[in-house]
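Examining the three-dimensional arrangement
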Amino acid sequence: MNEFELIRILTQGLATNDSVRVGPGDDCAVIDLSVPDKQFLLKTDAVVEGYHFTAEAAPEQIGHKALARCLSDLAAMGGTPCVALVTLGLPREFKPSFIESIYAGMEALGKRHQVAIVGGETTTNPERLLLSIAVLGSVPRDQYITRRGGQPGDAIFVTGELGGSIQGHHLSFEPRLAEARWLAEHFRPHCMIDLSDGLAGDLRHLLHAPALGAELLLTALPISRAAKLRARAGDTAKPAWVAALTDGEDFELLFTVPSRNAVALVDAWKQAFPQTRLTCIGRLKATPGILMKDKNGIRELTEHGYVHFS
């Protein structure tokens, strides 16, 4: 049983109430507390030693990543974070100075995005360090962006570059909060997600309808220099383009807009975010499945992203 099969079982028939606008299955839950101009986003995420970082990782980067993962999910829904809670699971033998440095990493990122760390929990977790973060954010009323809503003909865009995150990006990425809010205000994506498990996997979460698919242009993929260097050095069996499709933890935004808005979006983006790459990598189509076009023709995309427990 993989991660998504388990989630489906666990979320079937969960209790709900009138405040829930979006429940399980998206980047954040959306809650309506009858505040006139806004709704609230809830998100929790965890990082575990040996899976999300190694024991050799700098503690400030561990703290940065733990909070940034949650903030990236808020970005995917066009939200603004506000406060965070931290659950800290520690092995019996730990260095207080190391944990203080983890908190320094969280605090530095929190200050940049006006996120207050307001409490949490500490507990023993034998053998390895675990950090679980819960974040509360907000979004203008009825302006949140979900994974559902893509339409046939939409242009598919991605920010930044993809692949090779293990070379350091996965510990130092900056969540695309400002970019996502700008997109929501000026171009209103039909759907959006942050890339945590790889493009080939996360794109499938946007194909919500039985008759909705996608066509990707291989030569358009914005492949990172790290992925290219890794492939050339023989450090991985993956070609660089496969790394761009399947490597996890890029934490870029993947979204769609009507194709008629694509050129205007690219032009406006260059003015608003000149240091951040934006690439149109394909389009949604009215037939199921994901196709990939390259110089050899068109074939079905069989690659997948990272899946827990698989």
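Residues numbered from 1 in each chain as written. Predicted model: local features only at pLDDT ≥ 70, side-chain atom pairs only at ≥ 80, totals over all residues. Heavy atoms only, no water.

1. Some details on the side chain of K285
Tracing the backbone shows K285 in strand β11 (residues 278-285). Despite its burial, K285 pairs with no opposite charge; the closest candidate is E215, at 6.7 Å N-O. A polar side-chain atom of K285 sits 3.4 Å from the main-chain carbonyl oxygen of G289. (Helix = DSSP H or I, 4+ residues; strand = E, 2+ residues; numbered from the N terminus. Buried < 20%, exposed > 50% of the residue type's maximum accessible area, 1.4 Å probe, protein only. Lys, Arg positive; Asp, Glu negative; His and termini not counted. Salt bridge = Lys/Arg side-chain N within 4 Å of Asp/Glu carboxyl O. Polar contact = N/O pair within 3.5 Å; in protein donor to acceptor, adjacent residues only side chain to side chain.)

2. Details of the pairing of strand β10 (residues 253-257)
Walk down a regular strand and you will see the side chains alternate between the two sheet faces. Burial of β10 is extensive: 5 of the 5 residues sit out of reach of the surface. Judged by which residues are buried, β10 turns out to be covered on both faces: L253, F255 and V257 on one side and L254 and T256 on the other are all buried. Here strand β7 (residues 155-159) pairs with β10 via 4 bridges, running antiparallel. Residue pairing in the sheet places V158 in a bridge with L254 of β10. As defined by bridge partners, strand β8 (residues 191-194) adjoins β10 across 4 bridges and the pair is classed as antiparallel. Along β10, the bridge assignment pairs I193 with L254. (Pairing = 2+ DSSP bridges.)

3. A short note on the nonpolar core
If you look at the biggest cluster of nonpolar residues, it comprises 52 residues, and the most contacted ones within it are I133, F255 and L265. Element by element, the count of residues in this core is highest for helix α2 (residues 59-76), at 8 residues. The residues touching I133, leaving out its near neighbours within four places in the chain, are K43, T44, D45, A66, L67, C70, A84, L85, V86 and M106. (Core = buried A, V, L, I, M, F, W, Y, C linked by side-chain atoms within 4.5 Å. Contact = heavy atoms within 4.5 Å.)

4. Observations regarding the pattern of salt bridges
If you walk through the whole model with that rule in mind, you get 16 salt bridges. Here R112 makes a salt bridge to E174, at a shortest N to O gap of 3.2 Å. Placement of the pair is R112 in helix α3 (residues 96-112) and E174 in the loop between α4 (169-172) and α5 (177-186), with a sequence separation of 62 residues. Relative accessible area serves as the criterion here: at 32%, E174 is assigned to the partly exposed category. The salt bridge partner of K293 is E215, with a shortest N-O separation of 3.5 Å.

5. A closer look at the sheet that holds strand β4 (residues 80-90)
Across the sheet, 6 strands lie side by side as β1-β2-β3-β6-β4-β5; this open sheet has mixed pairing. In the strand order of this sheet, the two ends are held by β1 (20-22) and β5 (116-124), each with one partner. The sheet shows a mean angle of 25 degrees between the axes of neighbouring strands, taken without regard to direction. (Axes fitted to C-alpha atoms, helices over the stretch in contact; angles between N-to-C directions.)

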